[in-house]
Amino acid sequence: MKRHFNLKSADWLLLAAGLLAGAGCSKHLAATTLETSAVKRGDLTQKITATGLISALKSVDVGSQISGTILKLFVDFNSIVTNGQVVAQIDPALYQATVHQTEGNLNNVKAALELARINEAREKKLLDGKLVSQSDYDQSIASLHQAEASVEIWSASLENAKANLNYCTIHSPIDGVVISRKLDVGQTVAAAFNTPVLFTIANDLTKMNIDASVSESDIGQVKAGQTAEFTVDAFPDDVFQGKVVQVRKAPSTVNNVVTYDVIIAVDNPEQKLFPGMTADVSILVAERKNVLKIPNAALRFMPPPDVKVDPAGDSSATNQAAGPLVTAPNQRMVYISSGTPKEPRLKTVRVKVGVDDGADSEILDGLHEGDAVVTAALSAAAKTMQHPGPPPQ
């Protein structure tokens, strides 16, 4: 069965109006809206970020030069010590016995020396009376010198034995705080091949250092005397201050990444910072006051294909397909809206940029305060999707 529709004149008028409205809406959706930002004055700070470890300004590993069993410990973690204070005692029994044995050997060779002197004097008298030969007297002289040498050898051995005995008592070499203790009473210290560490003593925890690793691309901007800010995980809401005191030229390469050590001095009067904490550092490398600046989005903006672009005066200034070209290390191209909302046009402007803080860039030349630079282009359709109107009734 066929159905027949009979449209009245009023219905045809409504249908035509709807089609015209749809066409107008489609044309409206095809338009492009340019988002701009005004050139304004303000302050800019350029910072370099790095990560480093906090350490004491001066710390000393206290070890043992002899082997033995730990007999006593007089300090523990966080103990405050002074220069020369006894911090540990190694069992001295074996070393005391060595001293006694060496003293006995020394007394023995001293007696031999005394006898050699008497024999030399007797041989001298006999030689004067021509009762012995010259060779006999020379033999007595040699025996005397051997006895003297033996006394010197055993005297040195006694000094060595006494020194080892003294090493059984371990002293603090500096004033400071014990931040590490490696051994307990009863453990054996083996110093045959290397010096075992018993304690680590930090000289002054109110003065700290940060050893920060800065990448090779940023190290050229870091200089001694620059200020730095840093945070630690233990106190996420606190921002600590420091100052760069040394830029070390020795590179470190890990997985083909080259970094350089930068030493930052930090005051720690409240001793909130501990050795070994990880610091997230920002080094202030440049600061500008009351300068012209624009958002970095304006430097990255690329014109859409449906917007006409007026060149800045030379054919090499822009490449609409590829976006703005860098014509010099500190020169860039930005765009200013020169058309109307219905027919947007762009005009290219060559600018000279300076300090960049990650969000805004300093403008040294090419723009004036109040100029509106384009930061983005948004089609009306996309804008409608971001801000939809009310649903149909």
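Residues numbered from 1 in each chain as written. Predicted model: local features only at pLDDT ≥ 70, side-chain atom pairs only at ≥ 80, totals over all residues. Heavy atoms only, no water.

Looking now at the overall build of the protein chain. Looking only at helices and strands, the protein chain has five helices and 22 strands in total. Residues counted as buried form 33% of the 393 residues belonging to the protein chain. Across the protein chain, every contact between residues at least 6 apart in sequence was considered, and the portion connecting residues at least 24 apart equals 73%. Carbon and sulfur atoms form 53% of the exposed surface of the protein chain, whose accessible area is close to 24200 Å². (Helix = DSSP H or I, 4+ residues; strand = E, 2+ residues; numbered from the N terminus. Buried < 20%, exposed > 50% of the residue type's maximum accessible area, 1.4 Å probe, protein only. Contact = heavy atoms within 4.5 Å. Areas by Shrake-Rupley, 256 points an atom, 1.4 Å probe, with all protein chains shown as cover.)

Once that is clear, we can look at the pattern of salt bridges. Scanning the model with the defined rule gives twelve salt bridges in all. Linking K289 and D43 is a salt bridge whose minimum nitrogen-to-oxygen distance equals 4.0 Å. Separated by 246 residues along the polypeptide, K289 in strand 15 (residues 278–295) and D43 in strand 2 (residues 40–56) bring together distant segments of the chain. By relative accessible area, K289 is classed as exposed at 55%. Linking D184 and R181 is a salt bridge whose minimum nitrogen-to-oxygen distance equals 2.3 Å. Connected via shared salt-bridge partners are D43, E287 and K289. (Salt bridge = Lys/Arg side-chain N within 4 Å of Asp/Glu carboxyl O.)

What follows concerns the sheet that holds strand 9 (residues 188–189). Sheet strands pair via backbone hydrogen bonds, and the direction of the pair is either parallel or antiparallel. Spatial strand order, 7-6-4-9: four strands in an open sheet with antiparallel pairing. The open sheet has two edge strands, strand 7 (169–171) and strand 9, and neither has a second partner. As paired elements, strand 6 (residues 86–90) and strand 7 share three bridges and run antiparallel to each other. Within strand 7, the residue paired with Q89 across the bridge is T169. (Pairing = 2+ DSSP bridges.)

If you trace the four strands from one edge of the open sheet to the other, you get 3-10-8-5, paired in antiparallel fashion. Strand pairing shows two members of the sheet lacking a second neighbour, strand 3 (59–63) and strand 5 (80–81), which therefore form its edges. Examined bridge by bridge, strand 8 (residues 176–181) and strand 10 (residues 197–202) share four bridges and lie antiparallel to one another. Within strand 10, the residue paired with R181 across the bridge is F199.

Glancing now at helix 3 (residues 134–167). For helix 3, with 34 residues, the first-to-last C-alpha span of 50 Å sits near the 50 Å given by 1.5 Å per residue. Buried residues of helix 3: Y137, S140, L144, A147, V151, L158, A161 and L165, and no others. Those residues of helix 3 that are buried lie in contact with helix 2 (93–128) and strand 7. (Expected span 1.5 Å × (residues − 1).)

Let us look at helix 2. With 36 residues, helix 2 ought to run about 52 Å at 1.5 Å a step, and its terminal C-alpha atoms sit 53 Å apart, in line with that. Among all positions in helix 2, only Y95, V99, T102, L106, V109, L113, A116, E120, E123 and L127 are buried. Each element contacted by the buried residues of helix 2 is listed here: helix 3. Where helix 2 terminates, the next one or two residues include K130, which has phi positive at roughly 55°.

With that settled, consider the packing of aromatic side chains. One pass over the full model with this rule turns up three aromatic pairs. Aromatic pair F230 and F240: ring centres 5.4 Å apart, planes at 20°, arrangement stacked. With F230 in strand 12 (residues 227–232) and F240 in strand 13 (residues 235–254), this pair connects stretches of sequence that are ten residues apart. Since its relative accessible area comes to 2%, F230 is described here as buried. Classification of F240 by relative accessible area gives buried; the value is 13%. With centroids separated by 6.4 Å and ring planes inclined at 70°, the aromatic side chains of F235 and F240 adopt a geometry described as edge-to-face. Given a relative accessible area of 25%, F235 falls into the partly exposed group. (Phe/Tyr/Trp six-rings, centres within 6.5 Å; stacked < 30°, edge-to-face > 60°.)

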